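Each chain, written out:
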Amino acid sequence: MRYEGPYPADGRDLGTGQLVCTMARAQAVLDPKVRTDDVEVTIRPSEGGPLGPYRCAEFRNG
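How each quantity is defined
- Residues numbered from 1 in each chain as written.
- Predicted model: local features only at pLDDT ≥ 70, side-chain atom pairs only at ≥ 80, totals over all residues.
- Heavy atoms only, no water.
- Pairing = 2+ DSSP bridges.
- Helix = DSSP H or I, 4+ residues; strand = E, 2+ residues; numbered from the N terminus.
- Axes fitted to C-alpha atoms, helices over the stretch in contact; angles between N-to-C directions.
- Contact = heavy atoms within 4.5 Å.
- Expected span 1.5 Å × (residues − 1).
- Buried < 20%, exposed > 50% of the residue type's maximum accessible area, 1.4 Å probe, protein only.
- Arc of directions from axis to C-beta.
- Polar contact = N/O pair within 3.5 Å; in protein donor to acceptor, adjacent residues only side chain to side chain.
- Core = buried A, V, L, I, M, F, W, Y, C linked by side-chain atoms within 4.5 Å.

Draft legend 1. Examining the sheet that holds strand E3 (residues 51–54) more closely. The three strands lie next to each other as E1-E2-E3, forming an open sheet whose pairing is mixed. This sheet does not close on itself; its edge strands, each paired only once, are strand E1 (2–5) and E3. Taken pair by pair, the neighbouring strands of this sheet meet at an average axis angle of 10°, ignoring direction. Against the sheet, helix H1 (residues 14–30) touches E1, strand E2 (41–45) and E3, its axis set at about 125° to E2.

Here is the structure:
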């Protein structure tokens, strides 16, 4: 999954983790064959280079 648009964070913060896990979970709900932790999310800010790909598991436990 991809997010494209303005993005003020650096990619390793709580907000990014929430976005990544929410998008991954949504994909898993849409396709029951996909596990949340198998989904990679890339954030493509309108300025700067892409962030990721990230997996939800990278943001768990701090």
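On we go from here.
Draft legend 2. Up close: H1. Between its terminal C-alpha atoms H1 stretches 24 Å, which fits the 24 Å expected from 17 residues at 1.5 Å a residue. Among the residues of H1, Thr16, Gly17, Val20, Cys21, Met23, Ala24 and Ala28 are the ones counted as buried. Seen end-on, H1 carries its buried residues on one side only, within an arc spanning 165°. The exposed residues of H1 that point more than 90 degrees off its buried face are Leu14, Gln18, Val29 and Leu30. Looking at the packing, one finds that the buried side of H1 touches E1, E2 and E3. Between the side-chain oxygen of the N-cap and the backbone nitrogen of Gly15 there are 3.1 Å, and the N-cap of H1 in question is Asp13.

Draft legend 3. Structural context of the nonpolar core. Within the largest apolar cluster, 10 residues are counted, these being Tyr7, Val20, Met23, Ala24, Val39, Val41, Ile43, Leu51, Tyr54 and Phe59. The set of elements that each furnish at least two residues to this core consists of H1, E2 and E3. For this core, the element with the highest residue contribution is H1, accounting for three residues. Excluding residues within four positions of it along the chain, Ile43 makes contact with Tyr3, Tyr7, Thr16, Leu19, Pro50, Leu51 and Tyr54.

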